[in-house]
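Residue-level structure breakdown
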Amino acid sequence: PLRVGFILPESGPLAGEAHSLISGFELFLKEQGQRAPSLELLKKDPGPDEKKTLEALAALVMNKEVQFLVGPLSLEASEKTVHGVKGGKVVLFVTNPSVRLVAGEMCLPASFRLCANTYQRAHPIAPWAVQNVGLKAFITGSDDWLGNEQADFFASGFERAGGSFVDRMMVSNGAVKMREVVEAVRKGKPDFVFASFRGGQAVAFVEAFRGQPSPLPQPLIGPESLVDFPRTLDRQRKNAVGIKTLSTLKNPQAFTSRIKRKLNRDIADSARAAEGYDIANAICQVVRQTGDETNELSGVIRGLEQLEIDGPRGVVRFDKNHEPILGVVVQEWKFKGSSLDREIVKKLGAVTLSLIHI
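Reference entry: report on the structure contained in this document.

What counts and how
- Per chain, residue numbering runs from 1 following the sequence as it is written.
- Local features in a predicted model are, by the rule used here, given only for residues with pLDDT of at least 70; side-chain atom pairs are given and counted only at 80 or more, and totals for whole chains, interfaces and linings are based on all residues.
- As a rule here, side-chain values cover all heavy atoms of the structure and leave hydrogens and water aside.
- By nonpolar core we mean a set of buried residues, namely Ala, Val, Leu, Ile, Met, Phe, Trp, Tyr and Cys, connected to one another through side-chain atoms within 4.5 Å.
- Throughout this description, buried means an accessible area under 20% of the type-specific maximum (1.4 Å probe, protein chains only), exposed means over 50%, and partly exposed covers the range between.
- By the criteria applied, helices consist of DSSP H or I runs no shorter than four residues and strands consist of E runs no shorter than two, each listed in order from the N terminus.
- Whether two residues touch is decided by their heavy atoms; if any such pair falls within 4.5 Å, the residues are in contact.
- Pairing between strands is defined by DSSP: at least two bridges between them are needed.
- Structural elements are reduced to axes, namely lines fitted to C-alpha atoms, with helices fitted over the stretch in contact, and the angle between N-to-C directions of any two is expressed from 0 to 180 degrees.
- A carboxyl oxygen of Asp or Glu within 4 Å of a side-chain nitrogen of Lys or Arg is what we treat as a salt bridge.
- In this description, the arc belongs to the directions extending from the helix axis to the C-beta atoms.
- Crossing handedness is read from the near helix: turned anticlockwise from the far helix by less than a right angle, it gives a left-handed crossing, and turned clockwise, a right-handed one.
- Amino acids are sorted into nonpolar (Ala, Val, Leu, Ile, Met, Phe, Trp, Tyr, Cys and Pro), charged (Asp, Glu, Lys and Arg) and polar (every other residue, Gly among them).

What about the nonpolar core?
Within the largest apolar cluster, 44 residues are counted, with the highest numbers of intra-cluster contacts made by Val4, Phe68, Val91, Phe93, Leu114, Ile283 and Leu304. Every element with two or more residues in this core is listed here: strand E1 (2-7), helix H1 (15-32), strand E3 (68-70), strand E4 (91-94), helix H10 (252-263), helix H11 (270-290), helix H12 (297-305) and strand E12 (314-318). In terms of residues, this core owes the most to one element, H11, which gives ten residues. With sequence-adjacent residues up to four places away left out, Ile283 is seen in contact with Val4, Phe25, Leu39, Phe68 and Phe93. Counting residues in each nonpolar core, the second largest holds 24 residues, with Val185, Phe209, Phe229 and Ile243 among its members.

Shown next, in the form of structure tokens:
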């Protein structure tokens, strides 16, 4: 069988994403049954902070000779992996969304990505906001590479579409500054707030923004992580109602229900599970196409470049940068009875990057 290596943490802050991605991958294989090619899945744990990535990489690429590699999740570990496989005969599916890892200065001919990158997570909602929400924005979010990249891409698109900024305040991880941000918004009186928070910070910010006795009236918009399904949404509940975010998933509730029904697993991150599902689909398709020549790297690369992957995010293809071409929508969560249900506010169409692959 062909070998697929995974460098994903089993514990720590990224474990929920890792578990979700693996679950999506294994769901596709289970649904394919005997139609799936014979694949051996080799999983290596780089540790909760992914500090052991190079050891995991050596065990998989040097010793096991995997044909496909998936992960890791963090930016630092992903950079090490990109350098580590350079010149090797392995196809790397990058799972970190930073643009420079595939389409930027660190891209490799055998690197592909099937998660939405930071451009796709934030830029498309900017011109929509100018037309539908307002011309004056307050920008906030996590003061790390992910929060800042998403804020930068939104700011670039918003300014080019004719918008302007009241202020920008980014919050360091672990810092208790949400009330300061809320007060700055109250004084600045923007038309709306763009917030690139995720996880616990997203929960804390939305709670402060909509807290009593004087919740702010401005609309909240952001990347999907601001109201992530199901993990963050379950923690926010009524506070999530009315927030508009970008999404690539067609029906996250139905997809997570499939995973629960067929694998008996609860997942934390539906977007990561969809990515894993599409990675498995891509690998299976290209293995069928190349057959006995799957070890010929150039043929595998050409095969992947021409694929159409139909999954929980609709049809996904790769652009010239080996980035995914994904359809995005603006979504909003509302209560139907006692349960939260998603409403599609606007379909924005497919979005890609205008960069040249090296």
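So, next bit.
Comments concerning the sheet that holds strand E5 (residues 111-113)
Spatially, E2-E1-E3-E4-E5 is the arrangement adopted by the five strands of the open sheet, whose pairing is parallel. Looking along the sheet, the strands with just one partner apiece sit at the ends: strand E2 (39-44) and E5. Along the sheet, successive strands turn relative to each other by an average axial angle of 25°, direction set aside. Where E3 lies against E4, three bridges are found, and the strand directions are parallel. By the bridge assignment for E4, Val70 is matched with Phe93. Contacts from H1 reach E1, E2 and E3 within the one sheet, and its direction differs from that of E2 by about 170°.

Things to note about the pattern of salt bridges
Throughout the structure, instances matching the rule amount to 22 salt bridges. Between Glu31 and Lys262 there is a salt bridge, with its nearest N and O atoms 3.0 Å apart. Separated by 231 residues along the polypeptide, Glu31 in helix H1 and Lys262 in helix H10 bring together distant segments of the chain. A relative accessible area of 34% means that Lys262 is categorised as partly exposed. Between Arg198 and Asp144 there is a salt bridge; the shortest N-O distance is 2.6 Å. Within this pair, whereas Arg198 is found in the loop between strand E8 (192-196) and helix H8 (199-209), its partner Asp144 is found in the loop between strand E6 (136-142) and helix H6 (145-160), the two being separated by 54 residues in sequence. Residue classification places Arg198 among the partly exposed residues on the basis of a relative accessible area of 29%. Within the structure, one salt-bridge network assembled from shared partners comprises Glu17, Arg272 and Glu275.

A short note on helix H7 (residues 178-188)
Listed as buried for H7 are Met178, Val181, Val182, Ala184 and Val185. The arc that holds every buried residue of H7, seen down its axis, measures 160°, which confines them to one face. The outward face of H7, more than 90 degrees from its buried face, is lined by the exposed residues Arg179 and Lys187. Where the residues of H7 are buried, they touch E6, strand E7 (164-171), E8 and H8.

Side note on the packing of helix H2 (residues 53-64) against helix H3 (residues 75-85)
Two quantities define a packed helix pair, namely the angle between the axes and the distance from one axis to the other. Across the interface, H2 lies against H3 with an axial gap of 10 Å and an inter-helix angle of 35°. Where H2 crosses over H3, the handedness of that crossing is right-handed. Of the residues in H3, those touching H2 at Thr53, Leu54, Leu57 and Val61 are Ala77, Lys80, Thr81, Gly84 and Val85. Its residues assigned to classes, the contact of H2 with H3 comprises five nonpolar, three polar and one charged.

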